[in-house]
Amino acid sequence: MKGKKILSLLLALMLLLALFGCSSKEEGPAEEPSGQTDEETEPEEEGEPEQKDMETEIQGIISGMTTEQKLAQMIIFSFSPTEAEGVSGDRLPQECRDMLAKYDFGGVILMGNNIGDAAQTLRLIRDCQSAAMASEPGIPLFVSVDQEGGLVNRVSYGMTGGGNMALAAAGDTALTEEWANMMAEEIAALGFNVDFAPVSDVNSNPNNPVIGVRSFSDDAQIAAQHVQAYIRGLRDNGIIAALKHFPGHGNVGEDSHTGLPQSGSTLEELRACELIPFEQGIAENAGMIMTAHIQFPEIEQETYVSVQDGEEVYLPATLSHTIIHDLLREEMGYDGIVITDSMVMGAIAAHFDPIDAATLAINAGVDILLMPVEIRIDGETNTVPDMEAYIAGLAERVDSGEIKEEELDDSLYRILKRKLESGIMTNTLAKTEEAALADAEAVVGAPEHLEREWEITQQGLTLLKNEGGLLPLDGNGTRTLVLYPSEYRLPSVEYAVRRMSAEGLARPENITALCFGEMEPQDEDFQTALAEADQVLLITQYAIRDDAVTALIDQVHGAGKPVVLLAANLPYDAACYNECEAILCAYNPYGNAHDASGDGPFSLNVATGILSIFGGSTPQGHLPVNVPVIEGSGLETSFTGEWLYERYYGLENWGN
C-alpha cells in the first residue's frame, strides 16, 4: 500500500477514535504517558486494539518507504539564506522543496539567520510543512529550534529569559516550569514542535567553555529537578523536549563545536553525577535526547583513525554503541528518540568521514542525524546535491549490510510514534494561515509574558557581598560611574538608566557610563568621571582574573571610592574580583530582551541587575554552584578545590 493511502487511513482512524471517545486520556499532546497505577490503566479489551492499530499503521507506513526515504526521515536538515536575503524569506528555496518532494526528511532546524519577525517565521515554517506533506509519504516535519533561554535564543523577538542558572538561583522549580510554559506557548504559536532544550549538563567544571550558565547547577539533583520542570513546561504547550548533551558536557574543558573534547570520567562517576538529570528527564518522559561529541576513554575504548591527522581518536558518545545502546538504551531503559548534536561541528567533521560517522551513529542506536550536510543555496552555490550524495552513500551502506535495515526500521518506528503521539501527524497546518498568524502575533512577545520574565529573572539575582551596607545605591543623591566591558553591553546600561529614571530610582545626570575595554587609566574622560563619582559599578563577564581589571579596581580604591561588582555571566567572577565591596551575580550578559512596551533589545539579566543595585528589587537568589578560590591571573587563572562561596549562599534583604 502506498504511503499516502496509509497516512489517509491513519488520519481517518484517528478521527473516528476521537469522535467515539476512544483516544488517549493523556493530558497534552507532546509526551509519552508516565507509568500508570492499576486504577488509571484502561481495561485490556479497550486499550490493546488501539495500540495495535497504531503500531499496524506505523509498520504500514514504514513498509511503503524506500531505503532513501527512511534515511531522509532520520535527518533533520538546516538551510542558510542567500546573501541577498540576509535573513530567510518566508518561503523555502525551490531547491529544498524539490529535495523534500524527492525524499521525506524527518525535520528541519531553523537557526537565527532563518528567523525574522513572527509573520516571516510562521510562513516559512508552514511552507516547510507544506512541502514535506506534498511528498510521497507525506509525513509532517519535526520543526526544531535552539530556544534554551538566556545565552541561546533563536526567536529573539519573543521571550528570551534569564537562562537556566538564573532560574536555579531563584530556587523554585515552579518558576522554571512557568517560564518554559510561556516560552513554549510562543514558539508553538509560530509552528515549532521541538525545542533542543533543556540543557541537562551538570556544570561541574568551572573552566567549561561552552556550558557554563546554560547549565542549571553543578549539583546533579538541583539540575535534575529543574530539567523535569522545564520538560513539563514545554509539554503543556505541545513542544517536544530534547535533553542535551548525553551523557554530559559539563565536565570538560574544550568546546565540541571546534574540537573533540575528552572526559576522564568513569561510568561509576557518570552514574553518580552527570547521568542523574538524564535519568530524571527520562522519568518525566522526555521526547528526545541529544548526544555529546565527547570522548569517554574510560567507557568506550574503540578508536577511529582521524581523517585530519591520521591519529587514533576514541569514538565520541555520539558514535559509541557502548554509550548509546548499552548505557542509554539498555541500562537506563530509554526507548525514545536519540538525536545527535550537529554533525558538522568540529568534533565530528574534523576527524570522521561523514558516511563513516553516520554509519557508526546509526549502528550505535541513534535515530536522527542533525544537520549532517550544510545546505547553502546562493548564487552559483547549491549544496543540495551534497545531501543527495550523503543519502546515497548511506543507502549503499544499507545495501552492503554495514547498516542493518532493522536499525532503520526501529528508528522510523520511534520517529513516527512520537509524531503520532504528539499530534504532529494530525494537527499540522490544521489552522488557516490567517488564523495561525493572528494567534502568533497575540502570543509571541506578549506584554504579560515580558513583564513576567522580568520578575522571574529578578528573583535569581544573588547578592554575595555588601560591605557596610553599600547597596542599594542612592541614584538620586549620589553619582555613579558605570564601567562596562564592551560596547555590546552599552544598550543594556542605557536601557537600565532610562528605566531607573522612569521609576524614580536615579537621575540620568547622576550616571556616567564608560567602556573600560576601550579606555586607558589615564584617559581624561575616565579621570574626570572617577573624580566626580561617589562609587563605581563594574560589570564583568569573563571568569578570569584580568590584570587590567584588577589594576582598575586598585585605581578606584586609590581614589577612595568603593566598587560594586555586577558579575554578569558566571558567578566565578566573584572569586576573581572579591576585593570589591559589593558583589551581585546576574548569570547572563547577553540577550535580545524587550520590555512590555517594546523597548529594547537589552540583556535582561544585566538590566535587572543594575536596577536591583539601585533599589529596584531586593536580591533573593542563592548560588546554584560552588564558587571556588582562584589562583593566578589572566589566561593562567585556575580554580582550586576550596570554596570561597558555597552553593546555596546568598544574602537577602541587603545582608541585614
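Now for a look at the structure at hand. (Residues numbered from 1 in each chain as written. Predicted model: local features only at pLDDT ≥ 70, side-chain atom pairs only at ≥ 80, totals over all residues. Heavy atoms only, no water.)

With that settled, consider the overall build of the protein chain. On a plain count of helices and strands, the protein chain comes out with 23 helices and 19 strands. For 656 residues, the compact-globule estimate of 2.2 N^0.38 gives 26 Å, and the C-alpha radius of gyration of the protein chain, at 26 Å, lies within 12% of that figure. C-alpha atoms of the protein chain, sized along the principal axes, occupy 85 × 60 × 55 Å. Within the protein chain, contacts between residues at least 6 apart in sequence are counted, and of these 79% link residues at least 24 apart. Accessible area of the protein chain: about 24,700 Å², with a carbon and sulfur share of 46%. (Helix = DSSP H or I, 4+ residues; strand = E, 2+ residues; numbered from the N terminus. Rg over C-alpha atoms; globule rule 2.2 N^0.38 Å. Contact = heavy atoms within 4.5 Å. Areas by Shrake-Rupley, 256 points an atom, 1.4 Å probe, with all protein chains shown as cover.)

This part is about the sheet that holds strand β5 (residues 240-246). Each strand in a sheet pairs with its neighbour through backbone hydrogen bonds, running either in the same direction (parallel) or in the opposite one (antiparallel). Judged by pairing direction, the sheet is mixed, and its 9 strands sit side by side in the order β9-β6-β5-β4-β3-β2-β1-β10-β11 without closing on themselves. Strands with a single pairing partner mark the edges of an open sheet, and in this sheet they are β9 (337-339) and β11 (381-382). With 3 bridges connecting them, strand β6 (residues 288-291) and β9 associate as parallel partners. Bridge pairing links methionine 288 to isoleucine 337 in β9. Most of the contacts of helix α4 (residues 94-102) go to strand β10 (residues 369-378), to which it runs at about 140 degrees, and overall it touches β1 (75-80), β10 and β11. (Pairing = 2+ DSSP bridges. Axes fitted to C-alpha atoms, helices over the stretch in contact; angles between N-to-C directions.)

Okay, unusual backbone geometry next. Cis rather than trans, the peptide bond between leucine 471 and proline 472 has omega equal to 0 degrees. Structurally, proline 472 is set in the loop between β12 (462-466) and β13 (480-484). In this structure, proline 601 follows glycine 600 across a cis peptide bond, with omega equal to 5 degrees. Among the structural elements, proline 601 can be located in the loop between β17 (582-585) and α23 (604-613). The phi angle at asparagine 285 is positive, at roughly 65 degrees, despite the residue not being glycine.

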